[in-house]
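Per-entry structural report
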Amino acid sequence: MEWAAFNENDDSQRRERNRHHHLREGDFDEENDQNQKQGLIRGENENNNDAETQKRKRRTAEAEETRIAGSYETAIRLLAEEEEEDNNNEEGGENVILKEEAKREEAKQILLAVVNHEMMRENDELTPTLCSVKKLALRNLGNLFAKECGEFEFEEEEFEGSEDDKDDSDDGGGEKQRREKLSSKSSVSSQSYSFEQAIRCYSEAVRMDREDVASWLRMGELSAKRGDVALARMAFESGLLAQPTHALLLNELCEVCVLVGDEASATFLAARILNSDRRNERMKEIQTNFANAKPKERLVKARERFERVNARKDISAKGTKCALTLERMAWDDVASSILGAVKVKVESEESAIRAKDDDDDEEEDDDEDDDED
């Protein structure tokens, strides 16, 4: 009886433990289910928040894109108004000119803000609208800088004036002359800056779109106007790669080829132009009588001025300081760097010495021949 009672107590205790164990497992499973539900709810909330954030960013980007396009349209409207006023007031007074310049400057600043906007920095990430706006803004900005270049006549005047600076100072010089020279140098600096900026704008425009024929044409025309024949030819040829039948590009490139004496290219281009314009007397002359075909006077003068300016720049640069970069602090590196910097000068001096020696030898041979006679 006692053994039976003990077994019954033991069985009842075991059943009680099992019941409590199952209760705890049930509570644990229920708690897991609640945690999973809360995790799903948090995940849904986070996804909803991310989607909302993306929507806000997208709306902000679209609004900024609209604002950029609006700024570009404002600049174009200002330029159109300035051009209309310029046509209507060809002999306008100083106030009219100042007003036109103010509108042009305002348009330029707006276009600069457009192309330098942070959303315009990466071309690969631009939307079709922003891509079109940036390309057109660059082209119009290049046209504005090109208009500021003038005729590049001051470039040569700077060097002509600088040669007489010392004489003026010795003579006591006129204050008026010094002011004029300073003004001339300022004009040269402004022209060079405007030219560089214009070429930079056109280059960026054609980098975005290699078939932007208008930018290639304007780059070539501006370069030819300055006298940089190599850059002009490259621009015209690149434009023709995009549009081989473009009449203006064909004409401009043909004139550049006549200027540099490239008969084969000039006659080929002339023949292509005559295919569509058989009454073009200039092209007939180039094709049939290239030797007597004279280059355009404006191109000749521009190239001569450009070459003179560059030659004087080279001469004036001979006395300038040169900075050397050393890979390590050692005398052999110093010597190598110095020799590398003066290599061209040394070679030119050696060539001059050899040429002088050859001339002297020839003179001595001539003298000996005379003595023998």
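What comes next is a walk through the structure. No experiment lies behind these values; they were computed from the predicted model shown. (Residues numbered from 1 in each chain as written. Predicted model: local features only at pLDDT ≥ 70, side-chain atom pairs only at ≥ 80, totals over all residues. Heavy atoms only, no water.)

With that settled, consider the overall build of the chain. Counting its secondary structure elements, the chain contains 14 helices and zero strands. Reading the secondary structure of the chain in the N-to-C direction produces α-α-α-α-α-α-α-α-α-α-α-α-α-α. The burial tally for the chain puts 27% of its 373 residues in the buried class. Long-range pairs, those at least 24 residues apart, make up 62% of the contacts in the chain between residues at least 6 apart in sequence. (Helix = DSSP H or I, 4+ residues; strand = E, 2+ residues; numbered from the N terminus. Buried < 20%, exposed > 50% of the residue type's maximum accessible area, 1.4 Å probe, protein only. Contact = heavy atoms within 4.5 Å.)

Moving on, we get to helix H9 (residues 247-260). In this model, H9 (14 residues) spans 20 Å end to end at C-alpha, consistent with the 20 Å of a helix rising 1.5 Å per residue. A large share of H9 lies buried, amounting to 10 of its 14 residues. For H9, the complete set of buried residues consists of Leu249, Leu250, Glu252, Leu253, Cys254, Glu255, Val256, Cys257, Val258 and Leu259. The positive-phi residue at the C-terminal boundary of H9 is Gly261, with phi of around 80°. (Expected span 1.5 Å × (residues − 1).)

Now for helix H3 (residues 128-149). Within an α-helix, residues lying three or four positions from one another point in the same direction, as the helix has 3.6 residues per turn. Taking 1.5 Å per residue, 22 residues should reach 32 Å; H3 reaches 32 Å between its end C-alpha atoms and fits that length. The positive-phi residue at the C-terminal boundary of H3 is Gly150, with phi of around 70°.

With that settled, the discussion passes to the packing of helix H7 (residues 213-226) against H9. Remark: H7 packs on H9, axes separated minimally by 11 Å, with the N-to-C direction vectors making an angle of 25°. Classified by the angle their axes make, H7 and H9 are roughly parallel. Relative to H9, the crossing made by H7 is left-handed. Contacts between H7 and H9 involve Val213, Leu217 and Glu221 from the first element and Leu248, Leu249 and Glu252 from the second. A breakdown of the residues in the contact of H7 with H9 according to their chemical character gives four nonpolar, no polar and two charged. (Axes fitted to C-alpha atoms, helices over the stretch in contact; angles between N-to-C directions. Parallel < 35°, antiparallel > 145°, perpendicular 65-115°, else oblique. Left-handed = near helix turned anticlockwise from the far one by under 90°. Nonpolar A, V, L, I, M, F, W, Y, C, P; charged D, E, K, R; others polar.)

By the definition in use, this model includes 17 salt bridges. A salt bridge links Glu221 to Arg218; the nearest nitrogen and oxygen atoms lie 3.0 Å apart. Placement of both Glu221 and Arg218 in helix H7 is noted, with a separation of three residues, approximately one turn of the helix. The class of Glu221 is partly exposed, set by a relative accessible area of 26%. The class for Arg218 is partly exposed, based on a relative accessible area of 26%. Here Glu237 ties to Arg233 by a salt bridge, and the two come within 3.0 Å at their closest N and O atoms. (Salt bridge = Lys/Arg side-chain N within 4 Å of Asp/Glu carboxyl O.)

Turning to the nonpolar core, a few remarks are in order. In terms of nonpolar packing, the biggest core is built from 34 residues, with Leu111, Met120, Val133, Met219 and Leu222 touching the most fellow members. Of all the secondary-structure elements, those providing two or more residues to this core are helix H1 (2-88), helix H2 (94-115), H3, helix H6 (175-208) and H7. It is H3 that provides the largest number of residues to this core, a total of nine residues. The residues touching Val133, leaving out its near neighbours within four places in the chain, are Ile68, Ala69, Tyr72, Val114 and Met120. Formed by 25 residues, the second largest nonpolar core is a distinct cluster that contains Ala224, Val229, Cys257 and Leu269. (Core = buried A, V, L, I, M, F, W, Y, C linked by side-chain atoms within 4.5 Å.)

What follows covers the packing of aromatic side chains. With the rule as written, the count across this model stands at one aromatic pair. Taking the centre distance of 6.2 Å and the plane angle of 85° together, the rings of Phe145 and Tyr193 count as edge-to-face. Residue Phe145 is found in helix H3, and its partner Tyr193 is found in helix H6; the two are separated by 48 residues along the sequence. Of the residues examined, Tyr193 reaches a relative accessible area of 46% and is grouped as partly exposed. The cationic tip of Arg226 hangs over the ring face of Phe195; the distance from NZ or CZ to the ring centre is 4.3 Å. (Phe/Tyr/Trp six-rings, centres within 6.5 Å; stacked < 30°, edge-to-face > 60°. Lys NZ or Arg CZ within 6 Å of the ring centre and 35° of its normal.)

Relative to the elements of secondary structure, Arg77 occurs in helix H1. Its relative accessible area of 48% is what places Arg77 among the partly exposed residues. C-alpha separation for the pair Arg77 and Lys103, spaced 26 residues apart in sequence, amounts to 9.9 Å.

Here we take up the state of the cysteines. Enumeration over the complete set of coordinates arrives at zero disulfides. In this structure Cys254 is not part of a disulfide, and its nearest cysteine sulfur, from Cys257, lies 6.6 Å away. Under the relative-accessibility criterion, Cys254 is labelled buried at 0%. (Disulfide = S-S within 2.5 Å.)

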